[in-house]
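Structure assessment
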Amino acid sequence: MAKKIDYKKKVLQLVQSGCYNIVQQINDGPEEPYEGCEHNLFMILCDPEPTVTLLDSSDPQARPDCKTYKVEFETFMGHCAAIIWEV
């Protein structure tokens, strides 16, 4: 059986390092600058509800030559995603 990778923990470590860039996407809208603060990002990642995936390099939201993570969660605005990549 393959070992399940905890991407949420990896993204928390990435955010703690400060070596990342981030954009947000609300519902089916375009990517836009992330409007939350780092504390909000920590709160999202510590909640059990969000899903965190490592995007394949062929994914249109992936950034070239770096790991790109997508954090998806529900808010009062609808379905939200934070796209985070290492710098």
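In short, a report on the structure. What you are looking at is a predicted structure, and each value in this text was computed from that prediction instead of being measured.

Quick look at the state of the cysteines now. Under the definition given, this model contains zero disulfides. The thiol sulfur of Cys 46 is not disulfide-bonded, and the nearest other cysteine sulfur, from Cys 37, lies at 13 Å. In this structure Cys 46 comes out as exposed when scored by relative accessible area, which is 59%. Here Cys 66 stays unpaired: no disulfide links it, and the sulfur of Cys 19, its closest cysteine neighbor, is 12 Å away. On the basis of relative accessible area, Cys 66 is assigned to the partly exposed category, the value being 26%.

What follows concerns helix 2 (residues 38-46). Restricting attention to buried positions, one finds in helix 2 the residues Leu 41, Ile 44 and Leu 45. Projection of helix 2 onto a plane perpendicular to its axis shows the buried side chains occupying an angular sector of 95 degrees, all on one side. The exposed set on the far side of helix 2, more than 90 degrees from its buried face, consists of His 39 and Cys 46. On its buried side, helix 2 packs onto helix 1 (7-17), strand 1 (20-26), strand 3 (51-54), strand 4 (68-75) and strand 5 (78-86).

The rules behind the values
- Residues numbered from 1 in each chain as written.
- Predicted model: local features only at pLDDT ≥ 70, side-chain atom pairs only at ≥ 80, totals over all residues.
- Heavy atoms only, no water.
- Disulfide = S-S within 2.5 Å.
- Buried < 20%, exposed > 50% of the residue type's maximum accessible area, 1.4 Å probe, protein only.
- Helix = DSSP H or I, 4+ residues; strand = E, 2+ residues; numbered from the N terminus.
- Arc of directions from axis to C-beta.
- Contact = heavy atoms within 4.5 Å.

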